[in-house]
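# Per-entry structural report
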Amino acid sequence: MTPQPQAAVGAPLTRVDARLKVTGQARYAADFDADGLVHAVVVDSGIGLGRITSVDTAAALALPGVLTVLTHLNAPRLPYGPNPGMATPPGERLHVLEDDRVRFHGQPVAVVVATTLETARHAARLVRVEYDAELPSTDLSTAADDTPVTYERGDAERALQSADVRLELTYRTARQHHNAMEPHATVARWDDDRLTVWQKTQWIHGAQAELAAVFGLPEDAVHVVSPFVGGAFGNASRIWPQGVMAALAAREVGRPVKLVLSRRQLYFGTGYRPGYEYQVRLGSDGQGRLTAMTHVMRAETSRYETFQDDILSIGQMLYDVPAVTQDWRTVPLDVSTPTFMRGPGGATAAYAVESAMDELACELGLDPIELRLRNEPDRDPTSGLPFSTRRLRECYATGARAFGWHPRDPKPRSTRDGDWLIGTGMATGAHPSWSVTSLAHVRLDADGTAVVQCATSDMGPGTYTVMTQVAADALGLPVRAVRFELGDSTMPPPVGHGGSMTTPSVGSAVQDGCVKLRGEAVALAVKDEESPLFGAATDDVVVADGRLYVRDEPARGETYRSLLARSGRDRLEADGEYVPAGLPFSTHSYSVTFAEVAVDARLGLVRVRRMLGVYDVGRVINPKLADSQAIGGMIGGIGQALLEHTVTDHRDGRIVNANLADYLVPVNADIPDLKAIYLEGEDDKVARIGAKGLGEVVHVGVAPAIANAVFHATGRRIRELPITADALL
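Just so it is clear, the model here is predicted, and its values are computed rather than measured. (Residues numbered from 1 in each chain as written. Predicted model: local features only at pLDDT ≥ 70, side-chain atom pairs only at ≥ 80, totals over all residues. Heavy atoms only, no water.)

### Quick word on unusual backbone geometry
- Put simply, Leu 721 and Pro 722 share a cis peptide bond, and its omega is 0 degrees.
- Position of Pro 722 among the secondary structure elements: in the loop between strand 30 (720-721) and helix 17 (725-728).
- Even without being glycine, Asp 192 reaches a positive phi, approximately 60 degrees.
- For Asp 192, the position within the fold is in the loop between strand 9 (185-191) and strand 10 (194-199). (Helix = DSSP H or I, 4+ residues; strand = E, 2+ residues; numbered from the N terminus.)

### Points about the pattern of salt bridges
- Evaluation of the coordinates by the stated rule reveals 39 salt bridges.
- In this structure, Arg 717 and Glu 359 form a salt bridge, with 3.8 Å as the shortest nitrogen-oxygen distance. On the criterion of sequence distance, the pair formed by Arg 717 in the loop between helix 16 (702-714) and strand 30 and Glu 359 in helix 9 (residues 346-364) is long-range, its members being 358 residues apart. Each of the two residues, Arg 717 as well as Glu 359, counts as buried.
- Here Glu 394 ties to Arg 391 by a salt bridge, and the two come within 3.1 Å at their closest N and O atoms.
- The exposure class assigned to Glu 394 is partly exposed, which follows from its relative accessible area of 35%. (Salt bridge = Lys/Arg side-chain N within 4 Å of Asp/Glu carboxyl O. Buried < 20%, exposed > 50% of the residue type's maximum accessible area, 1.4 Å probe, protein only.)

### Some points on the nonpolar core
- Membership of the largest hydrophobic core comes to 83 residues, with the highest contact counts inside it found for Leu 282, Val 597, Met 611 and Ile 706.
- Examining the composition of this core, we find that nine residues originate from one element, helix 9, more than from any other.
- Contacts of Ile 706, omitting those with residues within four sequence positions, involve Ala 595, Val 597, Val 608, Met 611, Gly 637, Ile 638, Ala 641 and Leu 642.
- Ranked by size, the runner-up nonpolar core spans 50 residues in total, among them Ala 8, Val 470, Ala 471 and Val 541. (Core = buried A, V, L, I, M, F, W, Y, C linked by side-chain atoms within 4.5 Å. Contact = heavy atoms within 4.5 Å.)

### What to know about the sheet that holds strand 6 (residues 128-133)
- Sheet architecture is open: three strands sit in the order 4-2-6, paired in antiparallel fashion. Two strands bound the open sheet, and with one partner strand each, they are strand 4 (101-102) and strand 6.
- Taken together, the two bridges between strand 2 (residues 50-56) and strand 4 define a ladder with antiparallel strand orientation. Of the residues in strand 4, the one forming a bridge with Gly 50 is Val 102. (Pairing = 2+ DSSP bridges.)

Take a look at the structure:
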């Protein structure tokens, strides 16, 4: 069909759901109500490993309003059918209230159900649990490894031995928690053998499949509703135990149950970014051309599940290195299971790789950008495939010019501002650009407005708005005439909302459905003898502002509304589908981050002064929302680099700082001048709409840019995150 005029895509539109959010009308999981609703509160284990020897629920049950207390002694055994593979290998998951084993500190050991939240909380404190405690293993540095995942190309050991320059470095990153604004919550209701849950989730159909498997139900007997998600960053990509416990409790008491985790419970009741130890050896010739890199990585996971994220790809494809080996070992510990966190794997790997590259540049006396340019590959070194786009050279040049990189004195500790030492640093990032099969449904009503549906999610990037823009242009309607609906398992399925897949995948399905519907309307008009478009070639008809017309004869046309009214139809409908073509290309999004920091020479305090990100992410659907994602990614990187650190008491596995008073996250005073630049262009190898993923890559490379700037400011190389004042004194 003739290309459509583009009025919405590319425009910096305000979120279409903004008014709902700022007026409190957006309904999150815990906002939903149901007739007869009661409340549940989880009782957490007080030890990190061992067995439950007794449970006394008498005092709790004696409270007026308490309906039941479920423990492993009286809870029914659930079928736990085949794992649909949400975030764990098949067959692995925590079976709640099934036996007397305690596997980690804070494991759910009981759930109290009462008519009011206050009563449920009080009763939970009255449940007495006795244990036979054992010493848990929670220290990554002393625990034994699992069998490694390995990768190899070339002979890295031989190349290292013959290298002109060799470095051997070890980096460590702390465990991090997501700390989204919205806590995890579930409202569960049974209607005979059908389950409805209002759930905080990034994966509507994944949650449906998981709950169906746990309760032994057909998937269509589970209805999942999640229209708004108040931040998740990967943490809501699966069902955690509280979701199962809410549904179990609702079935036992015969009433709808609401269960909301406290802020403290989020630290052990849901996942987190695991801590890593990352050893890098790299060799180069005298001109800075890399000849070998080896990577040995150790990451924490739980003993009852094995979690793995994409820690390997950065070390394999970011630079043109002929010899690479990787050895990645998960370390089973007596902890709860980690999960994906923004820039999963890549944010951790980039810290080690990009810090090591900065150290090599210093050793060779090269500018860090020049070192990277000398090792820029023409093809993906891992697969040998050409890149769909890889415009890092342009990112470096654009960023260096906009940031004012080259005038800097490269000598560490050379620039001061009173008591403050000033430094600049940069780092590269990459993240795979995936697109996966997605479906959508489009309906054009007789009043000329459209409804588009897909069971995707919106945890903050602006899915409602972006899909509305894509649909508006494909249909030829103004944005105000399009309503995008999401967050319901009865809608057409996409994949989970994560991995920077939503816009390329769902957007392409939405566009496909809208193009089909527009084509149906055009075909209807040109065959209708009463239409002004009768007899026109379909390829000559375009639609703008809800009006179909001949491109070269703008006066010859009619509106969707008049077309449907005359044909006696109350609607037109179409289904959209996107199936990736599987083209032979390496597809990634890329970032280059520049940072300027100030370090107090006497106190060791680090302050980020300004930051710039430059991105190769294909077509940008909404620059305003893209800026929101980029700034958010930079802020997350500031937290990773300077503040966030989960502290565990290894004597019993207790998380010491399970609150926002002691677990530090960036606040407004920590956020400096942050800017983003997007290279113009499209990448139709990733997805039909030309967009690549943005939400993950904006986090990848931020922490090493800050760490490299701290080195430039102080001359001190800190190889453990977060960088704290005591490390610089």
